[in-house]
Amino acid sequence: MNIFVTGASGWIGSAVTDELLANGYAVTGLARSDTSAAALEAKGVTAQRGSIDDPGSLAVAAKAADAVIHLAFNHDFDHYDAAGRTERAAVNAMLEALEGSGKAFLFASGAAGAAPGRTATEEDPSPFHGPDSMRGGSENLALSHADKGVRPVALRFPIVHGRDGDPGFVTYLAQVARKQGVSGYIGDGSNRWASVDRPDAARAVRLALEKAPAGFRAHAVAEEGIPTREIAEALGKRLDLPVRSISPDDAPAHFGWMAMMFGLDGATSSEITRKTLGWDPTGPTLMEDIAVGAYDA
């Protein structure tokens, strides 16, 4: 099978690409630059130049592939509404190209926000609808195509951590801690973040491609809820910085755009995903990665 992967050279996408190649799949990867294209080709991937800003080219590539794994997203938090509209246009173009084919369309979605105040499960629908909502409401848009001859599968990712240069949220928190001279958490720090090790996340994606039914919400979650105070304490210990609470009013000035994300309660269960896919995460925990220095640099 030839799988078209957007975001194939990204943090999650590169691990997914490696997982697919190791299990006998051919991969066509979307590449925004010559550097990304060369890196993909060096590992045996067919590079297709383009970006998620060009829905037409995405549709052509999706139609030519046996399945699609859409992991690219423009994480521009200063223009997040525009990023969501771009995401929706990209998803819609690929879905229309796949209608009636029976092919799988797997796509990245967030784990947080589905069930504020309690632990979210795979049965909780996304509360985000329409182009101006989170990620352009693409999860509900995609899953609505389950009765249009497409096998859509939502890939709900939590914090995806690792020891190979994680560019994500925990790295940003470590940078803020060094800049501010204190490792902070918001309020009492009881709100929780779910997490998963990067290779475990990649394996969940491959298993979802192989086993998930149409309309499934796959939760690639190993740890369902780590209090943010404990994350701040672990970073403070590793970076030799004091740890203290930041009031919600002061959080935007202290954390910048991360204040909204770090204040969310995103506890997420993966019980149904584990049973459905036969997925058993075995990688290190977030605390273990912090403790060995994955976020020192």
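Details of the structure are given in the entry above.
Residues numbered from 1 in each chain as written. Predicted model: local features only at pLDDT ≥ 70, side-chain atom pairs only at ≥ 80, totals over all residues. Heavy atoms only, no water.

Draft legend 1. The arrangement of the sheet that holds strand β11 (residues 223-227) in detail. Pairing in this open sheet of three strands is mixed, and the strands run β7-β9-β11 from one edge to the other. In this open sheet, the two strands that pair with only one neighbour each are β7 (159-161) and β11. With strand direction ignored, the average angle separating the axes of adjacent strands in the sheet is 45°. Pairing between strand β9 (residues 192-197) and β11: three bridges, direction antiparallel. Paired with W193 across the bridge in β11 is I226. (Pairing = 2+ DSSP bridges. Helix = DSSP H or I, 4+ residues; strand = E, 2+ residues; numbered from the N terminus. Axes fitted to C-alpha atoms, helices over the stretch in contact; angles between N-to-C directions.)

Draft legend 2. Structural context of the environment of G181. Positionally, G181 belongs in the loop between α6 (169-180) and β8 (183-186). Remark: the alpha-carbon pair of G181 and E41, spanning 140 residues in sequence, is separated by 42 Å. Excluding its chain neighbours within four sequence positions, the residues that come into contact with G181 are L241 and P242. (Contact = heavy atoms within 4.5 Å.)

Draft legend 3. Expanded view of the sheet that holds strand β3 (residues 46-49). Sheet architecture is open: seven strands sit in the order β3-β2-β1-β4-β5-β6-β10, paired in parallel fashion. The sheet terminates laterally at β3 and β10 (216-219), the two strands that pair on one side only. Averaged over neighbouring strand pairs, the angle between their axes works out to 20° when direction is ignored. Bridge analysis of strand β2 (residues 26-31) against β3 gives four bridges, and the strand direction is parallel. Residue pairing across strands places A31 opposite R49, the latter belonging to β3. Sheet strands in contact with helix α3 (residues 55-64) are β1 (2-6), β2, β3 and β4 (67-70), and its direction is about 155° off that of β1.

Draft legend 4. Region of the structure containing the packing of helix α1 (residues 11-22) against helix α7 (residues 198-211). Orientation of α1 relative to α7, taken along the N-to-C sense of each, is 60°, at an axis distance of 8 Å. Taken together, the axes of α1 and α7 are oblique relative to one another. Crossing handedness for the pair α1 and α7: right-handed. Taken together, the residues of α7 that come into contact with α1 (itself represented by W11, S14, A15, V16, E19 and L20) are R198, A202, R203, V205, R206 and L209. (Parallel < 35°, antiparallel > 145°, perpendicular 65-115°, else oblique. Left-handed = near helix turned anticlockwise from the far one by under 90°.)

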